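Residue-level structural notes
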There are 4 protein chains.
Amino acid sequence: MSSAARATFLIASPDAPGLVARLASFFSELGLNIIDASNHTEVFTESGGPRFFMRLVVDLSRLESPQAVQGLGGSSSRKSLTDAFAKLAGSLQAEWSVAFSDRVARVAILVTKEPVCLYDLLLRQQSGELPCEIPLIIGNHTALESVAENFRVPFFTLPVTPDTKPAQEAAVLDLLRRHHIDLVVLARYMQVLTDDFLKQAPPVINIHHGFLPAFQGAKPYHQAYARGVKIIGATAHYATKDLDQGPIIEQDVARVSHAMGPEELVRVGRDVERVVLARAVRAHLERRVVVEGRRTIIL
Amino acid sequence: MSSAARATFLIASPDAPGLVARLASFFSELGLNIIDASNHTEVFTESGGPRFFMRLVVDLSRLESPQAVQGLGGSSSRKSLTDAFAKLAGSLQAEWSVAFSDRVARVAILVTKEPVCLYDLLLRQQSGELPCEIPLIIGNHTALESVAENFRVPFFTLPVTPDTKPAQEAAVLDLLRRHHIDLVVLARYMQVLTDDFLKQAPPVINIHHGFLPAFQGAKPYHQAYARGVKIIGATAHYATKDLDQGPIIEQDVARVSHAMGPEELVRVGRDVERVVLARAVRAHLERRVVVEGRRTIIL
Amino acid sequence: MSSAARATFLIASPDAPGLVARLASFFSELGLNIIDASNHTEVFTESGGPRFFMRLVVDLSRLESPQAVQGLGGSSSRKSLTDAFAKLAGSLQAEWSVAFSDRVARVAILVTKEPVCLYDLLLRQQSGELPCEIPLIIGNHTALESVAENFRVPFFTLPVTPDTKPAQEAAVLDLLRRHHIDLVVLARYMQVLTDDFLKQAPPVINIHHGFLPAFQGAKPYHQAYARGVKIIGATAHYATKDLDQGPIIEQDVARVSHAMGPEELVRVGRDVERVVLARAVRAHLERRVVVEGRRTIIL
Amino acid sequence: MSSAARATFLIASPDAPGLVARLASFFSELGLNIIDASNHTEVFTESGGPRFFMRLVVDLSRLESPQAVQGLGGSSSRKSLTDAFAKLAGSLQAEWSVAFSDRVARVAILVTKEPVCLYDLLLRQQSGELPCEIPLIIGNHTALESVAENFRVPFFTLPVTPDTKPAQEAAVLDLLRRHHIDLVVLARYMQVLTDDFLKQAPPVINIHHGFLPAFQGAKPYHQAYARGVKIIGATAHYATKDLDQGPIIEQDVARVSHAMGPEELVRVGRDVERVVLARAVRAHLERRVVVEGRRTIIL
């Protein structure tokens, strides 16, 4: 039974009058109830004119009603729904995507040695806070294998050196494909991914343990200490070929004092990192994030 | 020229399928562009079933276009627009209101002796941050008359004692009416308003210098000190007959330590109070606030 | 070799001139280096006059130097040091305690079914962030036994009903004694402890998932939702016979919106709870907390 | 009568055993009560070895007691006290300063056109929150002259162009000297001060409307918008010849969303700026700030 199934549509298009009405009417004319809707118009965009963004969560329980069947031209299915929506989107020059709530996203976690973010993601998934499965953990060290075991998640160790990087990344990509991974989360994975890898992989979310754009690169807490800042932060962003330059999804901060050495900044920062990473992963999984140039819109 | 004029509609109704589409289509069929739209469905309400809330900001620049004229039955005016919307709202059993951007809200500020919130509101109004006029300040003391003078705002002193309270409140109400006041802001006005006053007055926003519902009543910072809390706060809410029980519009907090005495809590708290009050007033003036029982929805 | 051993002294006394000098000189005359010192004078106290609080961390590596031996009357040991300090403290009418860094505190965790705080404490202990051992976890349900197993900590299930409460608490006390427990942490232990238990147990830290003193008692997030607050919080405090009335050690908050139902407040609140609890436990273990009436001083 | 007078000593020296005791004993042997004391040892410093920092607030009401007179060699005065302290400090190779509470600091404010920080400082000074006098406001525009008039503070307009900069800075310095200014606060003064000016001026505190070290230079809110950050901030620091590189005294942040354009970031940021600036000025005036390389210690 599909009574609880929902479809979440994410749309980005040039702005125009009547967009909310046209998109909402598309579903209401099919008798499908919009459960949640939010939209935003970005006035200044890198691509020029104003752009319109909308997220629509649609209850599919009446997809087989006569009204929907008729509106979709005689047969109602998810495919006929998305085909019809594609036509509308085409007429609006819109980019769009759709996700179905009963098709749970599959997330791979990449780690090195630091356990906190890994535990955090596993616990949140377990408690139902993150709407996803985690069928795969990959480490470039063996350090966290026992954590994966405790949660009964397959763990693959793929060590990497400068020489073996191409082969290792190919092996990672192969695992991602075999496991039908939709999203990769770097939970303190201490390796820079190549542009080549990123082009072939599903979306990749990284947690940077600094308040970007300050303190890019290595050892951000040590940089923060040396500069004497009074607040530190963490930044979750999509990984792009430019290190620590990808679109920011979420950030948060914590107050620190001169009395805290670099080690203590690390400790305080860990609590920020994992919360920021979890919020970003959750927003992505709920299809709330649209990338627009170097910015993200969170709907 | 009315090109910049906007109408902001606030709607609250029982939830039903197709509401977003029906409301949005109403405007798009008239050729009026929706600039900003947000909605929320409250699943559990005091009144029983789920309720739907929507805020729609509509550009009126094409109100005199043939499409609008035809859609509104031959003559297009703000009145014909609101009449037509009233019919739609009636069919949805909706409560609603509309405000026009070129009809600036008129705000009265009530004060006693504490200058910080008063200065803050006046400066924000002056800088364009608060979309309103402030034609009237009323004090039950003369202490802040010179502040009003600096900003060239009429100041009326209406002292109050337990015996003269009814007469004083009548005088305040008379001033509010004569000045066509739309909103009253209590900027640390150290008097409890009677239920009778509140029934006759426009909406009243109060700032309570404590983190409600903790520390109701007098001297909240002293209460907070005695209880040894590590965080203090301030709460802006609509005034109701039950002291400090009205619907909360905005809250914020600041961290404090054992080393701060009650006086220092007052000092730290002042910075929170004025920001919280200004945010609440701004949200009200932008027609973002809907009251639903003891809660507020901020759209 | 005891080169790294440190002693942390916590002192509370009536205020008097020269206290910092007298306390600091006591150690410097023995040739012992003060690594960290902080003090606070509380002007208004429940007990009347001003009180003085000081925390002193002393490096013991030179405890066997001739200077220390001579100053302590011919033989230097931890006992002779604390005996000498006791004399000084007596002359100041001071309450005091001392802890040695190489005598690691032993912490028991009490749980019911909620895993987040338990995982959090175990992980922080594992990473060295909490200077303690965790030799014992007690649950009134079996739900979290596997978590304890993963971390190889003995887990005892002691179910409780109103009828068996006295016997269960006696069994808990017995386990605490057998395991030489110095501190009990209630990590979402869903039972009220009796006054009788608290009198016999070591100090007990509880996490209340609300911003005390608002929202005492059960289901604080549901209370917060009903009241429409814009910020929720969590409070770590010492358990006392008056439920949720004990001295507050740490609090923190998170911003919420009308769009979040009670379930979502629970989710957001969990991230606050565990951080607040961990900070409180850490402060206690580092001997930074002094209770003064209903307040705490964090040195 | 000097009964309320206090002296605040700030000391920075190479770390050594017994420093707290030696410094505290200096005062207690004179019978002078230490009201407030805090200290910090910085393990890693730019200058090499560990450094010790201490702030001592001493009650001078017993400066003329026989004990003090004897201890200071027969005559007790502030000068004999500071001479004696200078000897002790010399033996510790300490840098130090002293300030007397009845010798109120004189602060000059430099402004351009933005009124918020100026009002804020004037109001805080008026309410007693900032322990200083403000005898002088200098603007490179006339825009804020009326604000100064409202508070009855002398206002000097000294316009500046690239050509006239040396002459204008000389005129500013002349005014600072004539008014015996102890501290200069740049309250959104939109001019870069030359190294030459800074060498001759008293300490200068600047507010940067960005979260340093991110977003240095001009238009930080526009930079923040373009980068899509989710949190903005403000930074108060001592001005040095390297723009926006001086030691940070205080920072704070505010959460923003994609929906806020650059103008709205400016508005939100203003509330952060003024609070951060006021806290930094207050910390400086209370002699809590020690500069150590690029960092500050706040005692």
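From a predicted model like this one, the values you see are computed outputs, not experimental measurements.

**Regarding helix H4 (residues 116-126) of chain B**
All names here are of chain B. The buried fraction of H4 amounts to 9 of the 11 residues, a majority that puts the element mostly inside the structure. Of all the residues in H4, the buried ones are Val 116, Cys 117, Leu 118, Tyr 119, Asp 120, Leu 121, Leu 122, Leu 123 and Arg 124. Gly 128 sits one or two positions beyond H4 and adopts a positive phi of about 90°.

**Observations concerning the relation of the copies chain D and chain A**
At an RMSD of 0.0 Å, chain D and chain A line up after a rotation of 180° and a shift of 0.0 Å along the axis. The superposition operator between the copies reduces to a two-fold rotation axis. Taking C-alpha positions as the reference, the residue of chain D nearest the rotation axis is Ala214(D), at 2.2 Å.

**What to know about the pattern of salt bridges**
Think of it this way: side chains of opposite charge can pair up when their charged atoms draw near. Per the counting criterion, the structure on display carries 112 salt bridges over all chains. Salt-bridge contacts for Arg295(B) lead to Glu42(B); the nearest nitrogen and oxygen are separated by 2.8 Å. In this pair, Arg295(B) sits in strand S13 (residues 295-298) while Glu42(B) sits in strand S2 (residues 34-42), placing the two residues 253 residues apart along the sequence. What makes Arg295(B) buried here is its relative accessible area of 8%. Measuring nitrogen to oxygen at the nearest pair gives 2.7 Å for the salt bridge that ties Glu286(D) to Arg288(D). What makes Arg288(D) partly exposed here is its relative accessible area of 23%.

**Examining the interface of chain C and chain D**
Each side of the interface is counted separately: chain C has 11 residues, and chain D has 11 residues. Roughly 1000 Å² is buried in total at the junction of chain C and chain D, and carbon and sulfur atoms are behind 55% of that figure. Considering only the surface of chain C that becomes buried against chain D, Val20(C), Ala21(C) and Asn33(C) emerge as the three largest contributors, covering 32% of it. Applying the counting criterion to the chain C and chain D interface returns 0 salt bridges.

**Section: the pairing of strand S3 (residues 51-59) of chain B**
Residue and element names in this part refer to chain B. Most of S3 is tucked away: 9 of the 9 residues are buried. Burial of the side chains of S3 extends over both faces: Arg 51, Phe 53, Arg 55, Val 57 and Asp 59 are buried on one face and Phe 52, Met 54, Leu 56 and Val 58 on the other. Of the strand pairs in this sheet, strand S1 (residues 6-14) and S3 are connected by 9 bridges, and their pairing is antiparallel. Of the residues in S3, the one forming a bridge with Leu 10 is Arg 55. The sheet contact formed by S2 and S3 spans 8 bridges and is antiparallel. Along S3, the bridge assignment pairs His 40 with Phe 53.

**Re the interface of chain D and chain A**
Taken together, the contacts link 33 residues of chain D with 33 residues of chain A. Carbon and sulfur atoms make up 54% of the surface buried where chain D meets chain A, a total of about 3100 Å² over both sides. Per-residue buried area on chain D facing chain A is highest for Arg227(D), His258(D) and Arg295(D); these three make up 26% of the total on that side. Note that Glu250(D) and Arg255(A) form a salt bridge whose closest N and O atoms lie 3.2 Å from each other. There are 23 residue pairs in polar contact (both at pLDDT 80 or more) connecting chain D and chain A. At the level of secondary structure, the elements contributing two or more residues to the side of chain D that touches chain A comprise strand S2 (34-42), helix H8 (220-227), strand S11 (248-255) and strand S13 (295-298) of chain D. The greatest single-element share of the side of chain D that touches chain A, amounting to 7 residues, is contributed by S11(D). A class-by-class count of the residues in the side of chain D that touches chain A yields 16 nonpolar, 7 polar and 10 charged.

**Quick look at the relation of the copies chain C and chain D**
A rotation about some axis, followed by a shift along it, carries one copy of the chain onto the other. Mapping chain C onto chain D leaves a residual RMSD of 0.0 Å; the transformation is a rotation of 180° accompanied by 0.0 Å of translation along its axis. Both copies present the same face, since 100% of the interface residues in chain C are matched by interface residues at the equivalent positions in chain D.

**Points about the packing of aromatic side chains**
Within this structure, the stated rule accounts for 40 aromatic pairs over all chains. Ring centres 5.1 Å apart and planes at 50° place the aromatic pair Phe9(C) and Phe27(C) in the tilted group. Taken together, the residues span a long stretch of sequence, with Phe9(C) in strand S1 (residues 6-14) and Phe27(C) in helix H1 (residues 19-28) at a distance of 18 residues. Neither residue differs from the other here; Phe9(C) and Phe27(C) are each classed as buried. Feature note: the residues Phe9(A), Phe26(A), Phe27(A), Phe85(A) and Trp96(A) constitute an aromatic cluster, connected by ring pairs. A cation over an aromatic ring shows up here: Arg295(A) above the ring of Tyr225(D), its NZ or CZ 3.8 Å from the ring centre.

**Focus on the environment of Val268(D)**
Residue and element names in this part refer to chain D. Along the polypeptide, Val 268 turns up in helix H9 (residues 262-285). A C-alpha to C-alpha distance of 27 Å links Val 268 and Val 107, two positions 161 residues apart in sequence. Discounting residues that sit within four places of it in the chain, Val 268 has contacts with Ile 232, Ala 254, Val 256 and Met 260.

**Re the side chain of Thr8(C)**
Relative to the helices and strands, Thr8(C) is located in strand S1. The residues touching Thr8(C), leaving out its near neighbours within four places in the chain, are Arg55(C), Leu56(C), Val57(C), Ser97(C), Val98(C), Ala99(C), Glu286(C) and Arg287(C).

**Some points on the domain arrangement of chain A**
All names here are of chain A. If you check the domain split of chain A, you get domain 1 (6-100) and domain 2 (105-298). Each of domain 1 and domain 2 has a C-alpha centre, and these two points are 32 Å apart. Opposite the 13 residues of domain 1 that make contact, domain 2 presents 10 residues. Each partner contributes to the roughly 970 Å² buried at the junction of domain 1 and domain 2, and carbon and sulfur atoms together form 56% of this total. Our enumeration of links across domain 1 and domain 2 arrives at 2 salt bridges. Arg 51 is the partner of Glu 292 in a salt bridge, and the nearest nitrogen-oxygen pair spans 3.3 Å. Those elements giving two or more residues to the side of domain 1 that touches domain 2 turn out to be strand S1 (6-14), strand S2 (34-42) and strand S3 (51-59). In terms of residue class, the side of domain 1 that touches domain 2 is built from 4 nonpolar, 4 polar and 5 charged.

**What about the nonpolar core?**
Membership of the largest hydrophobic core comes to 200 residues, with the highest contact counts inside it found for Ile137(A), Ile137(B), Ile137(C) and Ile137(D). In this structure, Ile137(A) is in contact with Ile109(A), Val111(A), Leu118(A), Leu122(A), Ala148(A), Val153(A), Pro154(A), Phe155(A) and Phe156(A), ignoring residues within four places of it in sequence.

**Regarding the environment of Gly293(D)**
Position of Gly293(D) relative to the elements: it lies in the loop between strand S12 (289-292) and S13. Expressed as a C-alpha distance, the spacing of Gly293(D) and Val153(D), which sit 140 residues apart in the sequence, is 35 Å.

**Points about unusual backbone geometry**
Phi at Arg287(A) is positive, roughly 55°, even though this residue is not glycine. Tracing the backbone shows Arg287(A) in the loop between helix H9 (262-285) and strand S12 (289-292). A positive phi angle, near 55°, is found at His180(B), a position not held by glycine. Take His180(B): it is sitting in the loop between helix H6 (165-178) and strand S8 (183-186). Accessibility expressed as a relative area gives 56% for His180(B), which makes it exposed.

Each value, and the rule that gives it
Residues numbered from 1 in each chain as written. Chains lettered and ligands numbered in written order. Predicted model: local features only at pLDDT ≥ 70, side-chain atom pairs only at ≥ 80, totals over all residues. Heavy atoms only, no water. Buried < 20%, exposed > 50% of the residue type's maximum accessible area, 1.4 Å probe, protein only. Helix = DSSP H or I, 4+ residues; strand = E, 2+ residues; numbered from the N terminus. Least-squares fit on C-alpha atoms with pLDDT ≥ 70 in both. Salt bridge = Lys/Arg side-chain N within 4 Å of Asp/Glu carboxyl O. Contact = heavy atoms within 4.5 Å. Buried area = accessible area lost by both parts, 1.4 Å probe. Pairing = 2+ DSSP bridges. Polar contact = N/O pair within 3.5 Å; in protein donor to acceptor, adjacent residues only side chain to side chain. Nonpolar A, V, L, I, M, F, W, Y, C, P; charged D, E, K, R; others polar. Phe/Tyr/Trp six-rings, centres within 6.5 Å; stacked < 30°, edge-to-face > 60°. Lys NZ or Arg CZ within 6 Å of the ring centre and 35° of its normal. Domains from an automatic or database assignment. Core = buried A, V, L, I, M, F, W, Y, C linked by side-chain atoms within 4.5 Å.

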